[in-house]
Protein chains: 2
Amino acid sequence: MPSPDEPSATPPRPAADHLVVVRHQVTSTERMARAGHAGAVVWLTGLPGSGKSTLAMALERRLFDQGWLAYTLDGDNMRHGLNADLGFSPADRQENIRRVGEVAALFADAGAVCITAFISPYREDRVRARAAARERRFFEVYVNTALATCERRDPKGHYRKARAGLIKDFTGVDAPYEPPERPDLQIDTDALDVDGSVAQLLDYVVARCRE
Amino acid sequence: MPSPDEPSATPPRPAADHLVVVRHQVTSTERMARAGHAGAVVWLTGLPGSGKSTLAMALERRLFDQGWLAYTLDGDNMRHGLNADLGFSPADRQENIRRVGEVAALFADAGAVCITAFISPYREDRVRARAAARERRFFEVYVNTALATCERRDPKGHYRKARAGLIKDFTGVDAPYEPPERPDLQIDTDALDVDGSVAQLLDYVVARCRE
């Protein structure tokens, strides 16, 4: 279909060329009006075992139940697909988080609340994720759970293995976690149970995304 | 090896954690029931200038107007973000298409009709994109426009430059385009005007995604 800048003095063309160029896609404003909320990235960060996935899934559920578009990116759907080519070297971990940030931005652009559940231990990587979202809403949420609590939970036994030296570069044990200095929201899961944590998160997101 | 993500299911933990593990996210069935349609990937392929982007935008518009979730991935939102690290070498082009396929699969998983508008000249790459979508609906749509028509339109002046040797490896000129052998849908834009093409595409998608 001809380009909008095609000169008007072109020779007669077959029917296929008598086309109206559709210049714009559906706008964010239209998507927001339809959904009743803005697109956004809810970026959960915290130590392994801090409860990010639990919170992400519960938030997704609650948002869906109130009629919102919500989708969670986590290791499950990212590491087995888009990021299946990445390993666990520092460069690959950084690229993993970069891609999560870019995909989350696409979902926000599509009008969804995109929740991400990754340790994302480095401030610099989280700053890049926010930058990827550009003018869209981006909330850095620090799931602040004491290391001792995370280690006691040890859902996959990784802390135990890390302490035994069986796995290396494990965040919280022999790799650093850089807590957010000024997170948009901090959830103190040592003080709140899961319902309280989810309620805090839900209230925060809804208040800032509702049209 | 340390996991980058939180587990979705954990073994029994001390009651002191006060946490209920939320194992499942919102299901595809629920998303479909809400939206009134299934998630899907509509993969447009065709020569440069064949009209993929025009069709994609028009389809997105029409689907949105009938209340569907629809989002288009194209060079604009992919090359400037997620794939900004990729150039135009054969390997990078392949990786570009691989990532588009994986992201489209995520959107389909989220319940959206994800339309992709990329030349995607190689059959192998399109096969991989379909595989990425796994059990989700995936429609390979061949936007079949004669090379002569594409070249006459030449919306970006690329054909002219390619013929002059100013750009290399341009699909249709000095790089191959492998047409789909058995596309799910073929749109003959030399026979149909844009409205007719969009109508054909819309009817096809709606019939196969409506619950």
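This report concerns the structure included in the present document. Just so we're clear, the structure is a prediction, and the values are computed from it rather than from any experiment.

What counts and what doesn't
- Residues numbered from 1 in each chain as written.
- Chains lettered and ligands numbered in written order.
- Predicted model: local features only at pLDDT ≥ 70, side-chain atom pairs only at ≥ 80, totals over all residues.
- Heavy atoms only, no water.
- Helix = DSSP H or I, 4+ residues; strand = E, 2+ residues; numbered from the N terminus.
- Contact = heavy atoms within 4.5 Å.
- Areas by Shrake-Rupley, 256 points an atom, 1.4 Å probe, with all protein chains shown as cover.
- Expected span 1.5 Å × (residues − 1).
- Buried < 20%, exposed > 50% of the residue type's maximum accessible area, 1.4 Å probe, protein only.
- Polar contact = N/O pair within 3.5 Å; in protein donor to acceptor, adjacent residues only side chain to side chain.
- Axes fitted to C-alpha atoms, helices over the stretch in contact; angles between N-to-C directions.
- Parallel < 35°, antiparallel > 145°, perpendicular 65-115°, else oblique.
- Left-handed = near helix turned anticlockwise from the far one by under 90°.
- Nonpolar A, V, L, I, M, F, W, Y, C, P; charged D, E, K, R; others polar.
- Pairing = 2+ DSSP bridges.

What to know about the overall build of chain A
- Each helix and strand counted, chain A has eight helices and five strands in total.
- Reading the helices (α) and strands (β) of chain A from amino to carboxyl end gives α-β-α-β-α-α-β-α-β-α-α-β-α.
- Taking all contacts inside chain A whose residues are at least 6 apart in sequence as the whole, residues at least 24 apart take part in 73%.
- If you sum the accessible surface of chain A, you get close to 9,000 Å²; carbon and sulfur atoms cover 51% of it.

Considerations on helix α8 (residues 194-209) of chain B
Residues and elements named next belong to chain B.
- The terminal C-alpha atoms of α8, which comprises 16 residues, lie 22 Å apart, in line with the 22 Å expected from a rise of 1.5 Å per residue.
- Within α8, burial applies to V194, S197, V198, L201, L202, Y204, V205, V206 and C209.
- Tucked inside the fold, the buried residues of α8 contact β1 (40-45), α2 (52-65), β3 (113-117), β4 (137-144) and β5 (185-188).
- Structurally, the start of α8 carries an N-cap: the backbone nitrogen of D195 is 3.2 Å from a side-chain oxygen of D193.

Notes on the packing of helix α4 (residues 90-109) of chain A against helix α4 (residues 90-109) of chain B
- It is the contact of α4(A) with α4(B), at a shortest axis distance of 12 Å, that shows an interaxial angle of 55°. Compared by their axis directions, α4(A) and α4(B) come out oblique. Of the two elements, α4(A) crosses α4(B), and the hand of that crossing is right-handed. From α4(A), E95(A), R98(A), R99(A), V103(A), L106(A) and F107(A) reach across to α4(B), where they touch E95(B), R98(B), R99(B), V103(B), L106(B) and F107(B).
- Residues belonging to the contact of α4(A) with α4(B) are distributed by class as follows: six nonpolar, no polar and six charged.

Describing α4(B)
Residue and element names in this part refer to chain B.
- Given a rise of 1.5 Å per residue, 20 residues ought to cover 28 Å, and the 29 Å separating the end C-alpha atoms of α4 matches this to within 8%.
- In terms of burial, α4 is a largely internal element, 14 of the 20 residues being buried.
- Two residues or fewer after α4 comes G111, characterised by a positive phi angle close to 100°.

What to know about the sheet that holds strand β4 (residues 137-144) of chain A
Residue and element names in this part refer to chain A.
- One open sheet accounts for five strands, arranged β2-β3-β1-β4-β5; its pairing is parallel. This sheet does not close on itself; its edge strands, each paired only once, are β2 (70-73) and β5 (185-188). Neighbour-to-neighbour, the strand axes of this sheet turn through a mean angle of 20°, independent of strand direction.
- Examined bridge by bridge, β4 and β5 share four bridges and lie parallel to one another.

Comments concerning the pairing of strand β1 (residues 40-45) of chain A
All names here are of chain A.
- With six of its six residues buried, β1 lies for the most part within the structure.
- Side chains A40, V42 and L44 of β1 all project onto a buried face; the interleaved residues V41, W43 and T45 project onto the opposite face, where all are buried too.
- Of the pairings in the sheet, the one linking β1 to β4 comprises six bridges and is parallel in character. Each residue of the ladder has a partner; that of A40, found in β4, is R137.

What to know about the packing of helix α1 (residues 28-35) of chain A against α2(B)
- It is at 12 Å that the axes of α1(A) and α2(B) come closest, and there the two elements cross at 25°. In terms of axis orientation, α1(A) runs roughly parallel to α2(B). The handedness of the crossing between α1(A) and α2(B) is left-handed. Of the residues in α2(B), those touching α1(A) at E30(A), R31(A) and R34(A) are E60(B), R61(B), F64(B) and D65(B).
- Broken down by class, the residue content of the contact of α1(A) with α2(B) amounts to one nonpolar, no polar and six charged.

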